[in-house]
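Structure at a glance
Next come the chains, spelled out residue by residue.
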Amino acid sequence: MAVGTRHSTVQFMELESSSFMKYGLSYRKQSVHFSNTCRQRYTQRCSMSMNGCQGDPTVPIGTVETRSLPAVSSLSLAMELLNSAISDMIKSDPPPYDSGIIRLEVPIEAQFEALEWLQAQNHLFLPRCFFSGRRPLTVASEVCINETSSHTKLVSVAGVGSAVFFTHLRPFSLDDWRAIRRFLSKKCPLIRAYGAIRFDATTNIASEWSAFGSFYFMVPQVEFNELEGSSIIAATIAWDNAASWTYQRAIDALGATIWQLSSVPMTVEKKIPHSHIVANTHVPGKASWDHAVKHALQIISRNDPVLTKVVLARSTRVVTAADIDPLTWLTCLKVEGQNAYQFCLQPPHSPAFIGNTSVICSSLDRTHQFFGMHPIEVVATLDYGASTSAKDHNEFAIVREWIRRRLEAVCSSVVIEPKKAVRKFRRVQHLNAQLRGRLQAEDDEFKILSSMHPTPAVCGYPTEDAWTFISETEMFDRGMYAGPVGWFGGEESEFAVGIRSALVEKGLGALIYAGTGIVEGSDSSLEWEELELKTSQHLSVVSCSSPN
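Here the structure is a predicted model, which is why all the values come from computation and not from measurement.

As a further point, take the packing of helix α2 (residues 75–91) against helix α5 (residues 247–258). Between α2 and α5, the shortest axis-to-axis distance is 10 Å and the interhelical angle comes to 155°. Classed by the angle they form, the pair α2 and α5 counts as roughly antiparallel. For the pair α2 and α5, the crossing hand works out as left-handed. Residue-level contacts link M79, L82, N83, I86, M89 and I90 of α2 to Y247, I251, L254 and I258 of α5. A per-class count over the contact of α2 with α5 returns 9 nonpolar, 1 polar and no charged.

Here it is as structure tokens:
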């Protein structure tokens, strides 16, 4: 959904009860149902682009190109140059390939914020995305037509429209990964597919998550790259005759998008406009939460326990008196969580999935077949000071050793450095470790992603038993919350864990997600307080405007 004036109604609906045989719990799951059905609108809009999963993942793309135009001094000049280049492509003969992807980019000799550029496109009813690293990412920005390259720092990326998207209702598979990789190349490292994967693709998809499918990735039609000291505006077209998306259809769709763009960045407010919270509802409520935690601890404390740890989560629906734009919300989160990984993913006519996570799941440098990750972070409140509780250290050790074993199955060597450290944030602190290894084969990128999700940090241990307990206990659909969120690139890939996140739609409020690990020694009231602390990162951006 691109934000604009639109009328929708929302209602809560309980699904029928079902008996959960394994753990003896019985709950009703809740989901938000939009009266103007998201799935129908999503299907209609997707006809304006190509689903890359419908192509043959074993057939290479005919051409992958990046064409760099001369650098200019302003965004408006860059847009004029980009428009002219696209007009020339429309008038000229199509490339002699049945499939391909071409990126046109214009360097700008000034740095603009990608989020401000995206805010200026709020009038477009197109899919959009925003991704920033908690650290500047070093990329080799190559001009494929003359094979020259230079290293630069990519600060953040914003995109609207999809040159090609990838989605399906079934779980993300090796063929889906190969379908994405068809459109990527080391020669063109800034052609990237940005997206997210569901926490649990085997469960029913609630209506609020319907547009995302089991996974959703997009290569933006128009993309803005914020660099250190400069910027790039780029347009991308992708086509595949085998998927019934011809070059002519692709170039026409790009032309229809490019003329609607605004070339004047907008300042994004770093404070939510005056409003107040009119509804704040937790699923589960405190009584149901206490019951679930108690039952989990009963299983964990058995002589021969099925579970050692399980991560239980909560959904908090917040409705404010005035609309809150998802991008404004995300900007406020950036102020709240410095040195974190911000993201926004919004399929067409869908709520926006936004987050401010501190947990990087995986980072891959394909040039050196190097894989690194930063996921071993256990949340503790700042009240603990520099030393965390025994419960947190126990939780941390479970996660670290689980990941080490998974990495050793696909990496030639695994190094843990540091083995344990404390990272402090504004509201929480984390126990942290970093693991690095060298992949043994090309397809190991998919193996890493699939085997690393979900980690005990967001699911529990043993994984399958914890996953089962969660699916039978939780009363809402996690969707992409706690799932992998990030991007695939030809030269690098990076994924974070989609925590500290919310589903936001202008006019419909937000669903804020938070979770906490239950291990031996956990106390349900203290764990509830931890949920409150984690949710406060999101609520703080509106609570200052709440009435006394």
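Having seen the model, we can carry on.
Next up on the list: the pattern of salt bridges. The full count for this structure, using the stated rule, is 15 salt bridges. R103 is the salt-bridge partner of E105, the closest N and O atoms lying 2.8 Å from each other. The partner of R404 in a salt bridge is E401, and the shortest N-O contact between them spans 2.8 Å. Residue R404 and its partner E401 are both found in helix α8 (residues 390–408); the two are separated by 3 residues, about one turn of the helix.

The next subject is the environment of G460. When you line up the elements, G460 lands in strand β21 (residues 460–461). Separated by 59 residues in the primary sequence, G460 and V519 place their C-alpha atoms 9.0 Å from one another. Not counting residues within four places of it along the chain, the set of residues in contact with G460 comprises K309, V310, V311, T455 and A466.

Below, the discussion takes up the environment of L531. Mapping L531 onto the fold places it in helix α11 (residues 524–543). Using a relative accessible area of 0% as the deciding quantity, one classes L531 as buried. Along the primary structure L531 and S315 are separated by 216 residues, whereas in three dimensions their C-alpha atoms are 9.8 Å apart. Sequence-distant contacts of L531, that is, excluding residues within four places in its chain, are made with W289, R314, A514, G515 and T516.

The rules behind the values
- Residues numbered from 1 in each chain as written.
- Predicted model: local features only at pLDDT ≥ 70, side-chain atom pairs only at ≥ 80, totals over all residues.
- Heavy atoms only, no water.
- Axes fitted to C-alpha atoms, helices over the stretch in contact; angles between N-to-C directions.
- Helix = DSSP H or I, 4+ residues; strand = E, 2+ residues; numbered from the N terminus.
- Parallel < 35°, antiparallel > 145°, perpendicular 65-115°, else oblique.
- Left-handed = near helix turned anticlockwise from the far one by under 90°.
- Contact = heavy atoms within 4.5 Å.
- Nonpolar A, V, L, I, M, F, W, Y, C, P; charged D, E, K, R; others polar.
- Salt bridge = Lys/Arg side-chain N within 4 Å of Asp/Glu carboxyl O.
- Buried < 20%, exposed > 50% of the residue type's maximum accessible area, 1.4 Å probe, protein only.

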